[in-house]
Amino acid sequence: MAVKPWWRETLETVLWAVALALVLRTFVVQSYWIPSGSMIPTLQIRDRVMAAKFWYRFSEPQRGQIVVFKFPDDPKKDFVKRIIGLPGETVEIRNGAVYVNGENLNEPYVRNHDSMSMEPTIVPEKHYFMLGDNRPNSWDGRFWDHRFVSRDELRGPAFFRFWPLSRIGIPK
């Protein structure tokens, strides 16, 4: 068997690495940068998270998950928010408190509350209602023209914060 020249070995290795990276980024995981304070204190400005793009092929989205999704009013943008309302549920906000199907939602991740109210709204089938954790400073489902996020627009749950190193871990 003939030995390949070094330049060919290097070129093949680089091409395989690029192909593998493209497959992983397209179908498995992708990193996202947090540009705003809408998820403070859970996610800070300039945090970087990984989203599992394959996750919702095998399981249903759950209330409380932090999710990366295509912004319904401009699908070229990706947003990161928390799932609050599931398909078929009624979501209402009274003086900043969130109610799902008439029950006050326990939200220990919200530290910055506002006094906003929202009429009871039914989440359409195959859609989700999203809110940021930093309610006074979050552009979320309360304000969008298309109030709900379609299941098809979900990229995946943000399962791991890898930057900054001092905050590495699982965002909750």
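See the structure shown above.
Please read all numbers here as calculations on a predicted model, not as lab measurements. (Residues numbered from 1 in each chain as written. Predicted model: local features only at pLDDT ≥ 70, side-chain atom pairs only at ≥ 80, totals over all residues. Heavy atoms only, no water.)

Residues Ile84, Val91, Val98, Leu105, Phe129 and Leu131 are the most contacted members of the largest nonpolar core, which totals 13 residues. Contributions of two or more residues to this core are made by strand S5 (90-94), strand S6 (97-100) and strand S9 (127-131). Leave out the neighbours within four places in its chain, and Leu105 touches Arg63, Ile84, Val98, Tyr99 and Val100. Residues Ile83, Trp144, Val149 and Leu154 belong to the second largest nonpolar core, which totals 12 residues. (Core = buried A, V, L, I, M, F, W, Y, C linked by side-chain atoms within 4.5 Å. Buried < 20%, exposed > 50% of the residue type's maximum accessible area, 1.4 Å probe, protein only. Helix = DSSP H or I, 4+ residues; strand = E, 2+ residues; numbered from the N terminus. Contact = heavy atoms within 4.5 Å.)

Think of a sheet as strands paired side by side through backbone hydrogen bonds, with each pair either parallel or antiparallel. Read from one edge to the other, the open sheet built from four strands follows the order S7-S6-S5-S8, with strand pairing classed as antiparallel. Each end of this open sheet is capped by a strand with a single partner; those strands are strand S7 (103-104) and strand S8 (118-122). Pairing of S5 with S6 involves four bridges; the strand directions are antiparallel. In the strand pairing of S6, Arg94 is matched with Ala97. (Pairing = 2+ DSSP bridges.)

What follows deals with the environment of Lys172. Within the fold, Lys172 resides in the segment after strand S11 (154-163). Counting along the chain gives 90 residues from Lys172 to Arg82, while the straight-line C-alpha distance between them is 9.9 Å. Discounting chain neighbours no more than four positions away, the residues touching Lys172 are Thr42, Ile66, Arg82 and Tyr109.

This part takes up the packing of aromatic side chains. Applying the stated rule across the entire model yields nine aromatic pairs. Between the aromatic rings of Phe79 and Trp144, the centroid separation amounts to 6.1 Å while the plane-to-plane angle is 70°, which identifies the pairing as edge-to-face. Here the residue Phe79 occupies a position in strand S4 (residues 78-85), and Trp144 occupies one in the loop between S9 and strand S10 (149-150), the gap between them amounting to 65 residues. Judged by relative accessible area, which is 17%, Phe79 ranks as buried. An aromatic cluster of three or more residues is present, and its members are Phe69, Phe71, Phe79 and Trp144. (Phe/Tyr/Trp six-rings, centres within 6.5 Å; stacked < 30°, edge-to-face > 60°.)

Now for the pairing of S11. Regular strands place their side chains on alternate faces of the sheet. Note: strand S2 (residues 48-52) against S11, four bridges, orientation antiparallel. Note on S11: the bridge partner recorded for Val49 is Arg161.

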